[in-house]
Each structure stands twice: as C-alpha cells, then as structure tokens.
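# Structural description and commentary
Letter by letter, the chains look like this.
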Amino acid sequence: MPKIRMVWWDYGRVLFDYLGDELMEGLSRMSSPPISPTEIYRRLQENGVVKEYDLGAIGTDEFLRELRKLIGVRDFSGFIRLWNRTLQPNRLVWQAVNLLRMNSFLQGVISNINETQAEYIEKVLACGSIIEFRPRIYSYRERVLKPDPLIYRLALHRANEEYRLSEEILPEECVFVDDRI
C-alpha cells in the first residue's frame, strides 16, 4: 500500500462550515418584494448563477447584477458581508490540519469557490494560515469545477511543480477530503 504524502482539502463544508440556511434567510430579508428562503434557493439552483460565478464564467459585478434581477436585491451594501459570513472555520477539521502539519504532510486545497469568498478566506478567515496550503486550486481561477477529473490532474501537476521533490507525488499518495462522494 502506498504511503500518503499529500492531503488535499476542500473549503466549503470541510475546512469551513457553510451556513447556507443563514444565507437564504438573509437574502430573503434583502429581497424586494420579499421572497421566501426556499424560493430563493430554488431560483439560484435553476438559474445557475452561483455555479457560473464559481466557474469564473462571470465576475463579481455580473454576479451581483444577476442577483438583482433574480431576487430583487436592491441594496448590496450588506450582501458581501452576508455572503462571506456563511463560511466559518470548522475547528475540528483545523485540529486535523495542525496534526498533519506537525507530522510533515504536504497539504493543498481544491475547491469550487468564487473570487469574493476566496479572497475573504485568504485575507480574513484563515488569518494568513491558508498560505501554508500549497497549491490552492480554485475553480473560478482554473475555470473547471469539481468533480471534473481535470481539476485533480491540474492540482497534482501544480503540487509537483511547487514542491519539486526528488520523487514526484503520485495520485495514489494523495487523499482528498471533501463533503461529496
């Protein structure tokens, strides 16, 4: 059996809890006329605007314009704060991260994420510790979403470029911790 050398982490629902119900309730309060959280969720899923944003197919300004049309949010002053607040560190998982770090495991990130939340995680939530995850593969930058095999091949290629170890990291020497099978 191969030795595990690298652990890859996802952000949402792994390193960071995702408080989706709170987001839908907040968007419901911001919508005009008022729309139920369930209806907002349905519209977002059917429209695919969040997926396009995570894929990098649209930028933040276009994402906000689409939200305005989709659910009638007029005042976005509190939206970005609400959007970002849905991510909170998962303390138990971070304990595992620290144990792995102390035992010299390489650690990286592969996440379906958008520009706004990636910046928030890197600058605010992780307080700089996210830099220790190398590489960080973000769907919006790479324009590919999990579970497309391309994102995993890209991650492994980047890890081998970045670490330049005497022996390449092989797929069977990696573990990916995600919230989806």
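Data block above holds the structure.
Cut-offs and rules
Residues numbered from 1 in each chain as written. Predicted model: local features only at pLDDT ≥ 70, side-chain atom pairs only at ≥ 80, totals over all residues. Heavy atoms only, no water. Helix = DSSP H or I, 4+ residues; strand = E, 2+ residues; numbered from the N terminus. Buried < 20%, exposed > 50% of the residue type's maximum accessible area, 1.4 Å probe, protein only. Contact = heavy atoms within 4.5 Å. Areas by Shrake-Rupley, 256 points an atom, 1.4 Å probe, with all protein chains shown as cover. Lys, Arg positive; Asp, Glu negative; His and termini not counted. Charge placed at Lys NZ, Arg CZ, Asp CG, Glu CD. Polar contact = N/O pair within 3.5 Å; in protein donor to acceptor, adjacent residues only side chain to side chain. Phe/Tyr/Trp six-rings, centres within 6.5 Å; stacked < 30°, edge-to-face > 60°. Core = buried A, V, L, I, M, F, W, Y, C linked by side-chain atoms within 4.5 Å.

What follows concerns the overall build of the protein. Looking only at helices and strands, the protein features nine helices and six strands. Here the protein holds 181 residues, and 47% of them are scored as buried. The long-range fraction of contacts in the protein, counting pairs at least 24 apart against all pairs at least 6 apart in sequence, stands at 75%. Of the roughly 10300 Å² that the protein leaves accessible, carbon and sulfur atoms contribute 52%. Once the 25 positive and 27 negative side-chain charges of the protein are each reduced to a mean point, those two points are 3 Å apart.

Tracing the backbone shows Phe79 in helix H5 (residues 79-85). For Phe79, a relative accessible area of 0% corresponds to the buried category. Separated by 49 residues in sequence, Phe79 and Met30 place their C-alpha atoms 8.3 Å apart. If we ignore the near neighbours within four places in the chain, the residues touching Phe79 are Leu27, Met30, Phe63, Leu64 and Leu67.

Below, the discussion takes up the side chain of Asn112. Locating Asn112 in the fold gives a position in the loop between strand E4 (106-111) and helix H7 (115-125). Within polar-contact distance, the side chain of Asn112 engages the backbone nitrogen of Lys146 at 2.7 Å. If we skip the residues at most four places from it in the chain, Asn112 touches Asp10, Asp54, Ser139, Val144, Leu145, Lys146 and Arg180.

Time to look at the packing of aromatic side chains. Going through the model one piece at a time under the given rule, you end up with ten aromatic pairs. Put simply, the rings of Tyr11, Phe16, Trp94, Phe133, Tyr138 and Tyr140 pair up and form one aromatic cluster.

Nonpolar side chains in soluble globular proteins tend to end up buried together. Counting residues in each nonpolar core, the largest one holds 21 residues, and the members touching the most others are Trp9, Tyr11, Leu15, Phe16, Ile121 and Phe133. Only strand E1 (6-9), helix H6 (91-102) and H7 provide two or more residues apiece to this core. Judged by nonpolar contacts, the second largest core, of 19 residues, contains Ile35, Val49, Leu67 and Val73.

Let's shift gears to the environment of Glu122. Mapped onto the elements of the fold, Glu122 is located in helix H7. For Glu122, a relative accessible area of 22% translates into the label partly exposed. Each C-alpha atom, one on Glu122 and one on Pro33, is 35 Å from the other, the two residues being 89 residues apart in sequence. Looking at Glu122, its side chain comes within polar contact range of the side chain of Tyr138, at 2.5 Å.

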